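Structural overview for review
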Amino acid sequence: MLPYAAYLRVYEPLTAFAEPERKVWADYADSRDRPRRANALNAEHGESVMRLLGMPPQPVPAQESPNAYLRRVEDRLYVCPWQSRLRSWLAFSRLRGATPVKLMDRLVPKAIADQVADDFDRYKRQAGSSALRTHIRTTAWHVPPSWFVPFDGNERWLVLGSANPGQDVTTATGRNLIYVTSMAQARRRAAKALNVLRRHLGDVSANFDVEDVARWLEEFHPHSLVELDYGGLVHLMDDDALQADQSVAELSAALTGLDTGQEELAYAMYQRVILRWKSMQQLESAN
């Protein structure tokens, strides 16, 4: 769990879960001890830090997390499980596959890394491929353009938070930039965007990752909710930058321009999105 990360989440209705899991989440929602939305990210991050700073480090929790993000709409409960263990397994597998062996051995002792890999292989054999579905996708230091596609600019919810006198605004609490939409709308927009990209750009759309997002959305209950959360990235942006960030609307305008032959508009809007997030990604190398 990284401090400067964004999240794409799917919240499924409680009825999408089979018993006894449905009862587990219903009881969880009524619990007074569960992490509340306001501090859930801090709780997730704290768990990860404690594991990684341990001696020896623990890249993956020993048990799956019992926690979830919750939403209620007209008394209907929606659940997005944290799935910390599964997400850690997947992230560790990607890291190990992309990191030179000598460097990886410095990060995590080989014996521990091998044990993590063996545990994950055992889990996959026992649970099957369907158990690898995660309700949360995470990306560090930026938001991929494809993540903006399922949303509309009017679904933007911005809370700047309040800073004390003399406090850096980027450390203010209560800062959020979130988009939420229905699964039906998210799928429709992703399908439309993919169609436009294929007709006008051919294979370039594969690089845009829209197809991957569209396939992922199809894995969930049709009455789910989809959420884009800027997460810790809001602490890298001051108030003016957050207010000016209209990436969803700009990308939508780029796709509309592409489909209606307004190529200059399409290029200009797309470049605004790309350059905004390229400058954000450069902060990673500055740290």
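Keep in mind it's a predicted model, so treat the numbers as computed, not measured. (Residues numbered from 1 in each chain as written. Predicted model: local features only at pLDDT ≥ 70, side-chain atom pairs only at ≥ 80, totals over all residues. Heavy atoms only, no water.)

A few words on the overall build of the chain. Looking only at helices and strands, the chain has 11 helices and 7 strands in total. Among the 287 residues that make up the chain, the fraction classed as buried is 40%. For the chain, the share of sequence-separated contacts (at least 6 apart) that also reach a separation of at least 24 residues comes to 76%. (Helix = DSSP H or I, 4+ residues; strand = E, 2+ residues; numbered from the N terminus. Buried < 20%, exposed > 50% of the residue type's maximum accessible area, 1.4 Å probe, protein only. Contact = heavy atoms within 4.5 Å.)

Take the nonpolar core next. Counting residues in each nonpolar core, the largest one holds 38 residues, and the members touching the most others are Val143, Phe148, Leu217, Leu228, Tyr230 and Trp277. At the level of elements, strand S1 (5-13), strand S6 (176-182), helix H6 (183-201), helix H8 (210-217), strand S7 (225-229), helix H10 (247-259) and helix H11 (263-286) are the ones that each hand at least two residues to this core. When residues in this core are grouped by element, the largest group, 7 residues, is from H6. (Core = buried A, V, L, I, M, F, W, Y, C linked by side-chain atoms within 4.5 Å.)

With that out of the way, let us pick up H10. Helix length check: H10, at 13 residues, gives a terminal C-alpha distance of 18 Å against a target of 18 Å (1.5 Å per residue), a fit within 8%. Gly261 sits one or two residues past H10 and shows a positive phi near 80 degrees. (Expected span 1.5 Å × (residues − 1).)

What follows concerns a nonpolar patch on the surface. On the surface, Leu95, Leu103 and Leu107 cluster together into a nonpolar patch covering about 260 Å² of accessible area. Take Leu95: it is sitting in helix H3 (residues 84-98). Take Leu95: its relative accessible area is 39%, and that puts it in the partly exposed class. (Patch = residues over 30% accessible without salt bridge, like charges linked within 9 Å, V, L, I, M, F, W, Y side chains within 5 Å. Areas by Shrake-Rupley, 256 points an atom, 1.4 Å probe, with all protein chains shown as cover. Salt bridge = Lys/Arg side-chain N within 4 Å of Asp/Glu carboxyl O.)

This part takes up the packing of aromatic side chains. For any pair of aromatic rings, the description consists of the separation of the ring centres together with the inter-plane angle of the planes. What the rule picks out here adds up to 9 aromatic pairs. Aromatic side chains Trp89 and Phe120 sit 5.2 Å apart centroid to centroid with 20 degrees between the ring planes, which places their arrangement in the stacked category. You can see Trp89 sitting in helix H3 and its partner Phe120 sitting in helix H5 (residues 110-127), a full 31 residues away along the chain. Geometrically, the ring pair formed by Tyr230 and Trp277 is edge-to-face, given 5.5 Å between the ring centres and 70 degrees between the ring planes. Here Tyr230, found in the loop between S7 and helix H9 (239-244), pairs with Trp277, found in helix H11; they are 47 residues apart in sequence, far enough to count as distant. (Phe/Tyr/Trp six-rings, centres within 6.5 Å; stacked < 30°, edge-to-face > 60°.)

The next point concerns the environment of Phe17. Looking at the secondary structure, you find Phe17 in the loop between S1 and helix H1 (21-30). Residue classification places Phe17 among the buried positions, given a relative accessible area of 6%. Separated by 62 residues in the primary sequence, Phe17 and Val79 place their C-alpha atoms 9.2 Å from one another. Setting aside residues up to four positions removed in sequence, Phe17 forms contacts with Glu12, Arg22, Trp25, Val79, Pro81 and His135.

Another point: unusual backbone geometry. Look at the link from Glu19 to Pro20: it is a cis peptide, with omega at 5 degrees. As for its position among the elements, Pro20 is in the loop between S1 and H1. One non-glycine residue with positive phi stands out, namely Gln83, at about 50 degrees. Mapped onto the elements, Gln83 comes out in the loop between strand S3 (76-81) and H3.

Of all residues in the chain, 88% attain a pLDDT of 70 or more, and the chain-wide mean is 87. The least confident element of the chain, judged by mean pLDDT, is helix H7 (residues 204-207) at 54; the most confident is S7 at 98. Every residue in residues 163-172 is under pLDDT 50, and counting partners more than four places away or in other chains gives 13 contacts. (pLDDT = per-residue confidence, 0-100.)

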